Amino acid sequence: AVALIQRGFSGSNIAKETQNINLIMTEVRSIRSAAGYGAPNTDLVPLMVSLNIAPPSLVNGNALMNSWNGSVKVNSTGTSFAITYDKVPKEDCAK
């Protein structure tokens, strides 16, 4: 029964974080300028938090934290951006 409960929480986390990633992608696209997203490696999280466009469930001060207590990073690549999720369990990453 414990394994089934954990699996249920895991599936719930995956669904929630998939929604969060989609929201991040949509909202970050809304702040793109003609030059892109700023210099490569620019941390976009503080800007997202200050503009209230970060998913509220992820906001922890000026940082973003996922369901697995890992950081969520959003960095400019210049003309695009990268989203990085830390501490995602291996069994959830493959889903």
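Anything mentioned here points back to the structure above.
Since we're looking at a predicted model, the values are computed, not measured. (Residues numbered from 1 in each chain as written. Predicted model: local features only at pLDDT ≥ 70, side-chain atom pairs only at ≥ 80, totals over all residues. Heavy atoms only, no water.)

> Which residues make up the side chain of N13, and what values go with them?
Mapped onto the secondary structure, N13 falls in helix α1 (residues 2-29). On the accessibility criterion, N13 (19% relative accessible area) is buried. The contacts of N13, once residues within four sequence positions are left out, are S67 and W68. (Helix = DSSP H or I, 4+ residues; strand = E, 2+ residues; numbered from the N terminus. Buried < 20%, exposed > 50% of the residue type's maximum accessible area, 1.4 Å probe, protein only. Contact = heavy atoms within 4.5 Å.)

> An account of the pattern of salt bridges is requested, with residue identities and associated values reported.
A side chain with one charge can pair with a side chain of the opposite charge if their charged atoms come near. Counted according to the given criterion, the structure contains one salt bridge. Of the charged contacts in the structure, one is a salt bridge between D86 and K73, with a shortest N-O distance of 2.6 Å. Taken together, the positions of D86 in the loop between β4 (81-85) and α3 (90-93) and K73 in strand β3 (residues 72-76) put the pair 13 residues apart, joining distant regions of the chain. Assessed through its relative accessible area of 25%, D86 is described here as partly exposed. (Salt bridge = Lys/Arg side-chain N within 4 Å of Asp/Glu carboxyl O.)

Geometric descriptors of this kind do not, in isolation, establish any biological role.
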